[in-house]
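One letter stands for each residue in the lines below.
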Amino acid sequence: MKVNQIMLYGMFFIGLYSVKAQEKTSLSLSEAINKAWDKSNEVSLANTKVQSKKLELQAAKNNQYPDLKASGQYQRLTNASVNFKLNQDNNSPAPAVNQLMVGQITTAIPVFSGFKIQNGIKVQDQLYQAEMATSLQTKEDVALRVIEYYASLYKAQKTIELLKENQKSAKQRVKDFIELEKNEIIPRNDLLKAKLQVSKIQLSLDEASNNLKTINFYLTTLLKLSPDTQLEIREGDFADFQMNNVPDNDLPALENRKDLQSIRLKSKASETNIKIAKSAYYPTLAIVGGYTALDLSNVITVQNAMNIGIGISYDLSALIKNATMVKLAESRLSEVQNNEALLVDYIKVQVHKAIEDYELAIKQSLVYNEAQEQASENYRIVKDKYDNGLSDTNDLLEADVEQLNATINKALARANTIQKYYELLAVTGQLSQSFTLAQK
């Protein structure tokens, strides 16, 4: 009896786990994007790179502070021979010298280094700002990918819903045709055509279901959700959406694109690197000081030996060698500027294509709406004719397929228009901003 109870409880909990695994999770588009920003590996890596650049900036700032070093030595001497050159008394025995202790503290305060330190700080700050812009561009890219998966998931979900509705009517038609065929009202060929249509709908349904599972896996992986999670897109989370402030030229992109801002900042950093390369032509100047204590056993003790002065150094070979380094820095600046020009052209092409795709999606949506009305009316007319013996089964099934396709196209056209709108925002650098504002 106890064994049966244990099995019963086990089956109960297994059933609960199975139900939980099949439970669907609903996420709004904003929730999905923000979750991706928090969880995705791409954003995490971008944030880490920003932190690294911030530390490099801090390290560059540390170069402007004084250097302070302390050192000490203890040396054991064996049978050291000591010869005094001053005030030497030949009758006095030489002292036993067996150890040496030296302690030093030195400092150097940079005064002038050919503007190398300040320009080094400036370069690292520009690279830090560039990395932050790159990080924001990564967020834009991740957000767009979420939107594409989200839209595809909605389309697959809507397609399955409409196919199932049509499948019900198709199966009911088969049942009706079976009775009509038994009563020899219709030929068997018509029944086979109706059954064939059910099979075709099932194939389309299987393909859509497979597509749904694949996209669901892509999106849950991106959002770092459990692979068993089944996402469900609610109609109001995606379809009911107002598209405002639609860009109609490339000016917003040239102002807002983070990848363009990043490369422009890198261009400024390359200009500053030229100044750093030229700094080798200048001498370096620093204030130096120190403290020394020395004890040579039985010979000499030095205490409070403090010093301060000015240190200057000049690399004469830089007059010859450094010209190459300057040219190298100038060449790298030219590379960055050429990359910037290429990116500007690419952005303009992207924006133009996105505008055309968005306008095409709007036109297609209007056409699909009309086509759906026409297909529905056509099916109603053909159905009436078929019921009155004025149309055959081929016409009826063809009209039904056309109505199904038109209904699916209408449902997906709205989602496609929204997707193209978001893609347009992405190429103009306004995607992340729109979702950030939506959260406030």
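- An unreviewed UniProt entry annotates the protein as TolC family protein of Flavobacterium erciyesense.

**Notes on the nonpolar core**
Item 1. If you look at the biggest cluster of nonpolar residues, it comprises 43 residues, and the most contacted ones within it are L29, I33, V146, Y422, L431 and F435.
Item 2. Of all the elements in the fold, those that place two or more residues in this core are α2 (29–39), α4 (116–182), α5 (188–222), α8 (258–278), α9 (318–387), α10 (393–427) and α11 (431–439).
Item 3. Apart from residues no more than four positions distant in its own chain, L431 is found in contact with E140, A143, L144, I147, Y422, L425 and A426.
Item 4. One finds L162, A194, Y379 and Y386 within the second-largest nonpolar core, a separate group that totals 22 residues.

**Overview of the packing of aromatic side chains**
Item 1. Applying the stated criterion across every chain yields a total of seven aromatic pairs.
Item 2. Each ring, one from F115 and one from Y282, has its centre 6.2 Å from the other, and the planes form 80°; the classification is edge-to-face. Here the residue F115 occupies a position in the loop between β3 (99–112) and α4, and Y282 occupies one in the loop between α8 and β5 (284–296), the gap between them amounting to 167 residues.
Item 3. Here the aromatic rings of Y149 and Y218 are separated by 5.7 Å at their centres, their planes lie at 35°, and the arrangement is tilted. Residue Y149 is located in helix α4, and its partner Y218 is located in helix α5; the two are separated by 69 residues in the primary sequence.
Item 4. Ring-pair connections join several aromatic residues into one group, and the members of that group are F112, F115 and Y282.
Item 5. One cation-aromatic arrangement involves K139 over W37; the distance from NZ or CZ to the ring centre is 4.3 Å.

**Considering α10**
Item 1. Taking 1.5 Å of rise per residue, 35 residues should cover 51 Å, and α10 covers 50 Å from first to last C-alpha, within 8% of that figure.
Item 2. Along α10, the helix axis deviates most sharply at A413, where the bend reaches about 25°.
Item 3. At the N-terminal boundary of α10, the capping side chain belongs to D392, with an oxygen 3.3 Å from the backbone nitrogen of N394.
Item 4. Backbone geometry just downstream of α10 places G429 in the positive-phi region, at approximately 75°.

**Some remarks on the sheet that holds strand β6 (residues 300–313)**
Item 1. Read across the sheet, four strands follow the order β2-β3-β5-β6 without closing on themselves; strand pairing throughout is antiparallel. Bordering the open sheet on either side are β2 (67–76) and β6, each of which pairs with just one other strand. Neighbour to neighbour, the strand axes of the sheet diverge by 15° on average, direction disregarded.
Item 2. Judged from the 12 bridges that link them, β3 and β5 form a sheet pairing that is antiparallel. Bridged to T106 within β5 is G290.

**Topic: a negative patch on the surface**
Item 1. A contiguous patch of negative charge on the surface is contributed by D392, D395, E398 and E402.
Item 2. When you line up the elements, D395 lands in helix α10.
Item 3. We classify D395 as partly exposed; its relative accessible area is 34%.

**Regarding the pairing of β5**
Item 1. Sheet analysis places β5 next to β6, joined by 12 bridges and oriented antiparallel. When the bridges of β6 are listed, L285 appears paired with I312.
Item 2. The loop that links β5 with its antiparallel partner β6 comprises three residues; one of these, N298, has a positive phi angle of about 65°.

Reading guide: rules and limits
- Residues numbered from 1 in each chain as written.
- Predicted model: local features only at pLDDT ≥ 70, side-chain atom pairs only at ≥ 80, totals over all residues.
- Heavy atoms only, no water.
- Core = buried A, V, L, I, M, F, W, Y, C linked by side-chain atoms within 4.5 Å.
- Buried < 20%, exposed > 50% of the residue type's maximum accessible area, 1.4 Å probe, protein only.
- Helix = DSSP H or I, 4+ residues; strand = E, 2+ residues; numbered from the N terminus.
- Contact = heavy atoms within 4.5 Å.
- Phe/Tyr/Trp six-rings, centres within 6.5 Å; stacked < 30°, edge-to-face > 60°.
- Lys NZ or Arg CZ within 6 Å of the ring centre and 35° of its normal.
- Expected span 1.5 Å × (residues − 1).
- Bend = angle between axes of the 7 residues up to and from the residue.
- Polar contact = N/O pair within 3.5 Å; in protein donor to acceptor, adjacent residues only side chain to side chain.
- Pairing = 2+ DSSP bridges.
- Axes fitted to C-alpha atoms, helices over the stretch in contact; angles between N-to-C directions.
- Patch = residues over 30% accessible without salt bridge, like charges linked within 9 Å, V, L, I, M, F, W, Y side chains within 5 Å.
- Areas by Shrake-Rupley, 256 points an atom, 1.4 Å probe, with all protein chains shown as cover.
- Salt bridge = Lys/Arg side-chain N within 4 Å of Asp/Glu carboxyl O.
- Lys, Arg positive; Asp, Glu negative; His and termini not counted.
- Charge placed at Lys NZ, Arg CZ, Asp CG, Glu CD.

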